[in-house]
Amino acid sequence: VKALTWDDGAYPARLKEIYDAPPLLYIRGSLAPEDEWSMAVVGTRRPTIYGREVAEGIAGDLARSGVTIVSGLARGIDAVAHRSALDAGGRTIAVFACGLDIVYPAENLRLAQAILERGALVSDYPLGTRPKAEHFPRRNRIMSGMSLGTLVVEAGQDSGALITARLALEQNREVFA
């Protein structure tokens, strides 16, 4: 795990632009210059077949076009977006709501390991930090903040995906649904 500060050249430039950019980011894997061309893809943890197909298609097409897919490694749309980017030969970044030594949900451990080969795991929480409900909205600001825009695929009215969309709008980023 590497720690990056605002002053580090590898710290995501777009993320520095948001009003509450984390002063310290923990990284496993690698960030690359091409990650500046990134799109956050978020949505429900219980997608419909249609939602899953839409997320697979768009995330895969974006990845094949050289766009890095950013998401939160949650079950559902997040996991579909990460997997589709990898299957398309692209890069993907998973932003954690806990320390990078804790994969949450645990069912996505293999996916997290695959992401390390062509992307990164990112968090602003130190190692050993357990996931808590209040960590997820803070995590979402990083996903939208390091991306050109946010794509929402199926989201409930009080969902984290809509929190991410609101944060993206506050950060002057594009939002797609």
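What you are looking at is a predicted structure, and each value in this text was computed from that prediction instead of being measured. (Residues numbered from 1 in each chain as written. Predicted model: local features only at pLDDT ≥ 70, side-chain atom pairs only at ≥ 80, totals over all residues. Heavy atoms only, no water.)

A. Quick peek at the overall build of the protein chain. What the protein chain contains, in helices and strands, is six helices and eight strands. Taken from N to C terminus, the helices and strands of the protein chain fall in the order β-α-β-β-α-β-α-β-α-β-α-β-α-β. Counting only C-alpha atoms and orienting by the principal axes, one finds that the protein chain spans roughly 40 × 30 × 30 Å. Classification of the 177 residues of the protein chain by burial places 54% in the buried group. Relative to all contacts within the protein chain whose residues are 6 or more apart in sequence, the contacts with residues 24 or more apart total 74%. By element, 52% of the accessible surface of the protein chain is carried by carbon and sulfur atoms, the whole surface being about 8,300 Å². (Helix = DSSP H or I, 4+ residues; strand = E, 2+ residues; numbered from the N terminus. Buried < 20%, exposed > 50% of the residue type's maximum accessible area, 1.4 Å probe, protein only. Contact = heavy atoms within 4.5 Å. Areas by Shrake-Rupley, 256 points an atom, 1.4 Å probe, with all protein chains shown as cover.)

B. Structural view of the pairing of strand β6 (residues 119–123). The element β6 is extensively covered by neighbouring structure, given that five of its five residues are classed as buried. Residues of β6 alternate between two faces, with G119, L121 and S123 on one and A120 and V122 on the opposite face, all of them buried. Both strand β2 (residues 24–29) and β6 contribute to a ladder of four bridges, which runs antiparallel. Paired with I27 across the bridge in β6 is V122. The parallel pair strand β5 (residues 92–95) and β6 is bridged by helix α4 (residues 109–117), and the resulting crossover is right-handed. (Pairing = 2+ DSSP bridges. Right-handed = clockwise from strand over helix to strand, strands pointing away.)

C. Looking closely at the pattern of salt bridges. With the rule as written, the count across this model stands at eight salt bridges. Across the pair D35 and R91 runs a salt bridge whose closest N-O atoms are separated by 2.8 Å. Remark: R91 occurs in the loop between α3 (77–87) and β5 and D35 occurs in the loop between β2 and β3 (38–43); sequence separation between them is 56 residues. For D35, a relative accessible area of 6% gives the class buried. (Salt bridge = Lys/Arg side-chain N within 4 Å of Asp/Glu carboxyl O.)

D. Structural context of the sheet that holds strand β7 (residues 149–153). Read from one edge to the other, the open sheet built from eight strands follows the order β1-β2-β6-β5-β4-β3-β7-β8, with strand pairing classed as mixed. At either end of the open sheet lies a strand with only one pairing partner, and these are β1 (2–5) and β8 (174–176). Taking each pair of neighbouring strands and ignoring which way they run, the sheet shows an average axis angle of 25 degrees. Sheet analysis places β7 next to β8, joined by three bridges and oriented parallel. Looking across to β8, one finds that L151 is bridged to F176. Sheet contacts for α4: β2, β5 and β6; angle to β6, the most-contacted strand, approximately 115 degrees. (Axes fitted to C-alpha atoms, helices over the stretch in contact; angles between N-to-C directions.)

E. Just the environment of K132, in detail. Residue position: K132 is located in the loop between β6 and α5 (135–145). In sequence terms K132 and S147 are 15 residues apart; their C-alpha atoms lie 24 Å from each other.

F. Focus on the packing of α3 against α4. Orientation of α3 relative to α4, taken along the N-to-C sense of each, is 40 degrees, at an axis distance of 10 Å. Accordingly, the angle class assigned to the pair α3 and α4 is oblique. Taken as a pair, α3 and α4 cross one another with a handedness that is left-handed. Residues A79, H82, R83 and L86 of α3 form the contact with α4, whose participating residues are L111, A114 and I115. (Parallel < 35°, antiparallel > 145°, perpendicular 65-115°, else oblique. Left-handed = near helix turned anticlockwise from the far one by under 90°.)

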